[in-house]
Amino acid sequence: MSYICPLCNGLVVPEQACPHCLQGLSECGKLDDYTGPYSPYELQASSDMADETKSVCNHLMYCHHCQTSIVQPVSLWDLSGNL
Ligand SMILES: [Zn+2]
Ligand SMILES: [Zn+2]
């Protein structure tokens, strides 16, 4: 079983728009890199996607326009079937 995050590996380009101003969000890396004293917005998707938490890579997206940061869960790709 080999799961990779397409966003971490540069296989996809994040095209998430800011929910507030609809500007393009900047991808700021994995949320894992931000664990610690600074925890951005709570994982809104974690409650109804509890079973999916292992198969997503949470990325922190930031809007430079209105200084909003959101967490974008990225579904991992299963490479075991493709290789
Ligand atoms: Zn990732
Ligand atoms: Zn914005």
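Residues numbered from 1 in each chain as written. Chains lettered and ligands numbered in written order. Predicted model: local features only at pLDDT ≥ 70, side-chain atom pairs only at ≥ 80, totals over all residues. Heavy atoms only, no water.

Going by what an unreviewed UniProt entry lists, the protein chain is known as DZANK-type domain-containing protein and is assigned to Paenibacillus silvae.

Asks: Got a sec to walk through a nonpolar patch on the surface? Specific residues and values, please.
Replies: A cluster of nonpolar side chains, namely Leu11, Val12 and Trp77, defines an oily patch on the protein surface of about 250 Å² accessible area. Inspection of the secondary structure assignment puts Leu11 in the loop between strand E1 (3–4) and strand E2 (26–30). Of the residues examined, Leu11 reaches a relative accessible area of 47% and is grouped as partly exposed. (Patch = residues over 30% accessible without salt bridge, like charges linked within 9 Å, V, L, I, M, F, W, Y side chains within 5 Å. Areas by Shrake-Rupley, 256 points an atom, 1.4 Å probe, with all protein chains shown as cover. Salt bridge = Lys/Arg side-chain N within 4 Å of Asp/Glu carboxyl O. Helix = DSSP H or I, 4+ residues; strand = E, 2+ residues; numbered from the N terminus. Buried < 20%, exposed > 50% of the residue type's maximum accessible area, 1.4 Å probe, protein only.)

Asks: Report on the coordination of the zinc ion (ligand 1), specifying residues and quantitative values.
Replies: Looking at the metal site, the zinc ion (ligand 1) is ligated by Cys5 (SG), Cys8 (SG), Cys57 (SG) and His59 (NE2), spaced 2.0 to 2.2 Å from it. The site at the zinc ion (ligand 1) holds four donor atoms, and with the angles between them running 102 to 113 degrees, its shape is tetrahedral. Counting gaps between the donor residues of the zinc ion (ligand 1) yields the pattern C-x2-C-x48-C-x1-H. Here Cys8 is found in the loop between E1 and E2, whereas its partner Cys57 is found in strand E3 (residues 56–63), with 49 residues between them in sequence. (Donors = N, O, S within 2.8 Å, 3.2 Å for Na, K, Ca; no water. Tetrahedral: all angles 85-135°; square planar, octahedral: opposite > 155°, others 65-115°.)

Asks: Mind laying out the coordination of the zinc ion (ligand 2), listing which residues take part and the relevant values?
Replies: Those donors, Cys18 (SG), Cys21 (SG), Cys63 (SG) and Cys66 (SG), are the protein atoms that reach the zinc ion (ligand 2), and they lie 2.2 to 2.3 Å from it. Bound by four donor atoms, the zinc ion (ligand 2) shows angles of 102 to 122 degrees at the metal and therefore tetrahedral coordination geometry. Spacing between the donor residues of the zinc ion (ligand 2) along their common chain follows C-x2-C-x41-C-x2-C. Its relative accessible area of 0% is what places Cys18 among the buried residues.

Asks: Would you mind going over the sheet that holds strand E4 (residues 68–75) in detail, with residue names and values included?
Replies: Read from one edge of the open sheet, three strands run E2-E3-E4, paired in antiparallel fashion. In this open sheet, the two strands that pair with only one neighbour each are E2 and E4. The sheet shows a mean angle of 35 degrees between the axes of neighbouring strands, taken without regard to direction. Sheet topology places E3 next to E4; eight bridges connect them, and they run antiparallel. Bridge pairing in E4 links Val56 to Ser75. (Pairing = 2+ DSSP bridges. Axes fitted to C-alpha atoms, helices over the stretch in contact; angles between N-to-C directions.)

Asks: Before we move on, could you go through the side chain of His59 and cite the residues and values that matter?
Replies: Structurally, His59 is set in strand E3. A distance of 2.4 Å separates polar atoms of two side chains, one belonging to His59 and the other to Glu27. The residues touching His59, leaving out its near neighbours within four places in the chain, are Cys5, Leu7, Cys8, Glu27, Gly29, Lys30, Leu31, Ile70, Val71, Gln72 and Val74. (Polar contact = N/O pair within 3.5 Å; in protein donor to acceptor, adjacent residues only side chain to side chain. Contact = heavy atoms within 4.5 Å.)

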